[in-house]
Amino acid sequence: MATDSRERDPATDSSGSADEAYAAHLERSRTVWDRWSDWYRMSERDFEPMREAAIDRLDLRPGDRVLEIGCGPGVNFERLRDDIGDSGELVAVDYSPAMIEKARERIDAHGWENVDVRRADATTAEFEEPFDAALATLSLAVMPDIPRTVETIHRSLVPDGTFVVVDIRPIPDGPARVLNPLLRRFLRWYANWNPDGDVAAALDAVFERSEIVDTYMHGTTYTVVCEKHDAD
């Protein structure tokens, strides 16, 4: 079962302000994604080709154990479950109770016995067994502490495990960058996007290999493939 083991070093955070900001961001995420849980099918359809291409890059096999971070209502479950078969295991985490409820309804409707959804803070979650692969679609950039979330995922993978990420960022180059202030405000309102986070940089800093392999929508949406090569 996933557990929350977040600890702060009093010597580096004696005021508690970092803890307060972390907790506030997490609570906003819960509120935002509870609110959008009834409308997620709109983005489920729009982003489906990107999600399918990302799952292709996991190269899953029957019997694999897979971790999904920020699973929402379980839009990736059917494809992941098809790839790992009856002998595999999918563990998915999300912080929104409403999203968790819808994900469990999806599991019950399909009768999947090897798909487990847990409510947890993905930044600090712990798991009993390592995973062969991990997936995060449109979720890392809303985490309150992106580097620590990436470290948690890296630690949860087996050596040679693969982590594939689909996420959103400001327009990376070109004259359209003038729209970035508006885009940042929209993402903050719509998804509680973390304005101080850099998903691609965090992945590159932690994983032994990290490469942006696909970009969409003027580079604002992108896919990163990461590999863990060493044993912890």
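Because the structure is a prediction, the values reported are computed rather than measured.

Q: Account for the packing of helix α3 (residues 48-56) against helix α4 (residues 77-84), with residues named and values stated.
A: Two numbers describe how α3 lies on α4: the axes approach to 11 Å, and their chain directions differ by 25 degrees. Overall, the two elements α3 and α4 adopt an arrangement that is roughly parallel. Crossing geometry of α3 relative to α4 is assigned as right-handed. Facing E52, I55 and D56 of α3, the residues of α4 in contact are R79, L80 and D83. Residue classes in the contact of α3 with α4 are distributed as 2 nonpolar, no polar and 4 charged.

Q: Just give me the short version of the packing of helix α6 (residues 146-156) against helix α8 (residues 199-206), but keep the residues and values in it.
A: Direction vectors running N to C along α6 and α8 enclose 40 degrees, while the axes themselves pass 9 Å from each other. When the axes of α6 and α8 are compared, the pair comes out oblique. By crossing handedness, the relation of α6 to α8 is classed as right-handed. Counted together, I146, P147, V150, E151 and H154 of α6 and V199, A202, L203 and V206 of α8 form the full contact between these two elements. Taken together, the residues that form the contact of α6 with α8 break down as 7 nonpolar, 1 polar and 1 charged.

Q: Describe the pattern of salt bridges, naming the residues involved and giving the relevant values.
A: Taken as a whole, this structure holds 11 salt bridges when the rule is applied. Salt-bridge contacts for R79 lead to D56; the nearest nitrogen and oxygen are separated by 2.6 Å. With R79 in helix α4 and D56 in helix α3, this residue pair connects regions lying 23 residues apart in the sequence. What makes R79 buried here is its relative accessible area of 19%.

Q: Can you explain the layout of surface pockets? Please cite residues and give values.
A: Computed from the structure, the second largest pocket encloses a volume of approximately 250 Å³. Class assignment of the residues belonging to the lining of the second largest pocket gives a composition of 11 nonpolar, 3 polar and 4 charged.

Q: An account of the nonpolar core is requested, with residue identities and associated values reported.
A: With 55 residues, the main nonpolar core has F77, L140, F163 and L203 as its most contacted residues. Per element, the largest residue contribution to this core is 6 residues, and it comes from strand β7 (residues 157-168).

Q: Which residues make up helix α5 (residues 97-110), and what values go with them?
A: Here α5 contains 14 residues, and its C-alpha end-to-end distance of 20 Å stays within 8% of the 20 Å for a straight helix at 1.5 Å per residue. Within α5 the residues assigned to the buried category are A98, M99, I100, A103, R106 and I107. Looking one or two places after α5, you find G111, whose phi comes out positive at around 70 degrees.

Q: Quick one: what's the story with the environment of G161, residue by residue and with numbers?
A: Within the secondary structure, G161 sits in strand β7. A sequence separation of 66 residues divides G161 from E227, and the C-alpha atoms of the two residues are 5.9 Å apart.

Q: Tell me what's going on with the packing of aromatic side chains, and back it up with residues and numbers.
A: On inspection of all chains with the given rule, the structure shows 2 aromatic pairs. Plain terms: the ring middles of F163 and F207 are 5.8 Å apart, the flat faces sit at 35 degrees to each other, and that makes the pair tilted. Here the residue F163 occupies a position in strand β7, and F207 occupies one in the loop between α8 and β8 (209-216), the gap between them amounting to 44 residues. Relative accessible area serves as the criterion here: at 0%, F163 is assigned to the buried category. Directly above the aromatic system of F131 lies the positively charged group of R65, at a separation of 4.4 Å from the ring centroid. The side chain of R119 reaches across the aromatic face of Y95, ending 4.3 Å from its centre.

Q: Any details on the pairing of strand β6 (residues 131-137)? Residues and values, ideally.
A: Counting buried positions over the 7 residues of β6 gives 6, a clear majority of the element. Where strand β2 (residues 65-69) and β6 come together, 3 bridges link them in parallel fashion. Pairing of E68 across the sheet is with L135, part of β6. When β6 meets β7, the two strands line up parallel, connected through 6 bridges. Across the sheet, the residue bridging to T137 is V166, located in β7.

Criteria and thresholds
Residues numbered from 1 in each chain as written. Predicted model: local features only at pLDDT ≥ 70, side-chain atom pairs only at ≥ 80, totals over all residues. Heavy atoms only, no water. Axes fitted to C-alpha atoms, helices over the stretch in contact; angles between N-to-C directions. Helix = DSSP H or I, 4+ residues; strand = E, 2+ residues; numbered from the N terminus. Parallel < 35°, antiparallel > 145°, perpendicular 65-115°, else oblique. Left-handed = near helix turned anticlockwise from the far one by under 90°. Contact = heavy atoms within 4.5 Å. Nonpolar A, V, L, I, M, F, W, Y, C, P; charged D, E, K, R; others polar. Salt bridge = Lys/Arg side-chain N within 4 Å of Asp/Glu carboxyl O. Buried < 20%, exposed > 50% of the residue type's maximum accessible area, 1.4 Å probe, protein only. 1 Å grid on protein atoms, 1.4 Å probe; cavity = no way out; pocket = protein on both sides within 12 Å on 5 of 7 lines; lining within 4 Å. Points joined across faces, edges and corners; volume = space filled by probe spheres on them. Core = buried A, V, L, I, M, F, W, Y, C linked by side-chain atoms within 4.5 Å. Expected span 1.5 Å × (residues − 1). Phe/Tyr/Trp six-rings, centres within 6.5 Å; stacked < 30°, edge-to-face > 60°. Lys NZ or Arg CZ within 6 Å of the ring centre and 35° of its normal. Pairing = 2+ DSSP bridges.

The values reported here are purely geometric and, on their own, carry no functional implication.
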